[in-house]
Amino acid sequence: MNSIPPNDPQQDPHEIVIELAEEELSVTREQVSDGRVRVTRSTVEHDEAINLLLNRERVEVVHVAKGQRIEEMPEIREENGVLIVPVVEEEIEVIRRLVLREELHIRKISEQVPYEDVVTLRKQQVNVDKKEDET
């Protein structure tokens, strides 16, 4: 609104002029520390007894020697709560026998064969002369 100053000649004497005031708001924020907080962490240990029943299974392996000849591979089987696993190996059967393949017949034969050759022979001779004394 416009207001007319009090000394204005155009002012009506019956009119009252009131000046208005306006407030302005200015807001600012400021960080204020009004105290501090310290957080610490610690671990507390304590012993506690535990009583439980645990289930445990163990196996017992027994080697049972057999040495039996079989015709076919046996299956894995269970008898009276015992698991039976057959262990099989192959064997080679070798038969050793003598077989006469041949004979060698060897005979001595004596014979006379003529032989001729030229050879050089050496011979030493000794000649001894005896001289007698003349007296």
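Residues numbered from 1 in each chain as written. Predicted model: local features only at pLDDT ≥ 70, side-chain atom pairs only at ≥ 80, totals over all residues. Heavy atoms only, no water.

Chemist: Quick question: what am I supposed to make of the overall build of the chain here?
Modeler: Helix and strand content of the chain: zero helices and two strands. Counting the 135 residues in the chain, one finds 0% classified as buried. Accessible surface, the chain: about 18,400 Å² in total, of which carbon and sulfur atoms supply 47%. (Helix = DSSP H or I, 4+ residues; strand = E, 2+ residues; numbered from the N terminus. Buried < 20%, exposed > 50% of the residue type's maximum accessible area, 1.4 Å probe, protein only. Areas by Shrake-Rupley, 256 points an atom, 1.4 Å probe, with all protein chains shown as cover.)

Chemist: Looking at this model, I keep getting lost on the pattern of salt bridges. Mind explaining?
Modeler: Pairing of side chains with opposite charge becomes possible as their charged atoms draw close. Per the counting criterion, the structure on display carries two salt bridges. The closest approach of N and O atoms between glutamate 79 and arginine 77, which form a salt bridge, is 2.9 Å. (Salt bridge = Lys/Arg side-chain N within 4 Å of Asp/Glu carboxyl O.)

Chemist: Can you help me understand unusual backbone geometry in this one?
Modeler: Note: most peptide bonds trans; most residues except glycine with negative phi. The backbone phi angle of asparagine 80 is positive, close to 55°, even though this residue is not glycine. Locating asparagine 80 in the fold gives a position in the loop between strand S1 (77–79) and strand S2 (82–84).

Chemist: In this structure, what is going on with a nonpolar patch on the surface? I would like to understand it.
Modeler: A cluster of nonpolar side chains, namely Ile16, Ile18 and Leu20, defines an oily patch on the protein surface of about 400 Å² accessible area. By secondary structure assignment, the location of leucine 20 is in the segment before S1. (Patch = residues over 30% accessible without salt bridge, like charges linked within 9 Å, V, L, I, M, F, W, Y side chains within 5 Å.)

Chemist: Looking at this structure, I do not really get the layout of surface pockets. What am I missing?
Modeler: Rolled over the atoms, a probe as big as a water molecule pinpoints where empty space is left. Considered as a void within the structure, the largest pocket measures approximately 1,200 Å³ in volume. The wall of the largest pocket is formed by 25 residues, among which Val64, Lys66, Pro86, Val87 and Val88 lie closest to the centre. Among the elements that line the lining of the largest pocket, the one with the most residues is S2, at three residues. Here the lining of the largest pocket is built from residues that sort into 14 nonpolar, three polar and eight charged. (1 Å grid on protein atoms, 1.4 Å probe; cavity = no way out; pocket = protein on both sides within 12 Å on 5 of 7 lines; lining within 4 Å. Points joined across faces, edges and corners; volume = space filled by probe spheres on them. Nonpolar A, V, L, I, M, F, W, Y, C, P; charged D, E, K, R; others polar.)

Chemist: Got a minute to help me understand the environment of isoleucine 76 in this structure?
Modeler: Relative to the helices and strands, isoleucine 76 resides in the segment before S1. Distance in space between the C-alpha atoms of isoleucine 76 and valine 87 is 9.7 Å, their sequence separation being 11 residues. When near neighbours in sequence (up to four residues on either side) are disregarded, isoleucine 76 contacts Leu83, Ile84, Val85 and Pro86. (Contact = heavy atoms within 4.5 Å.)

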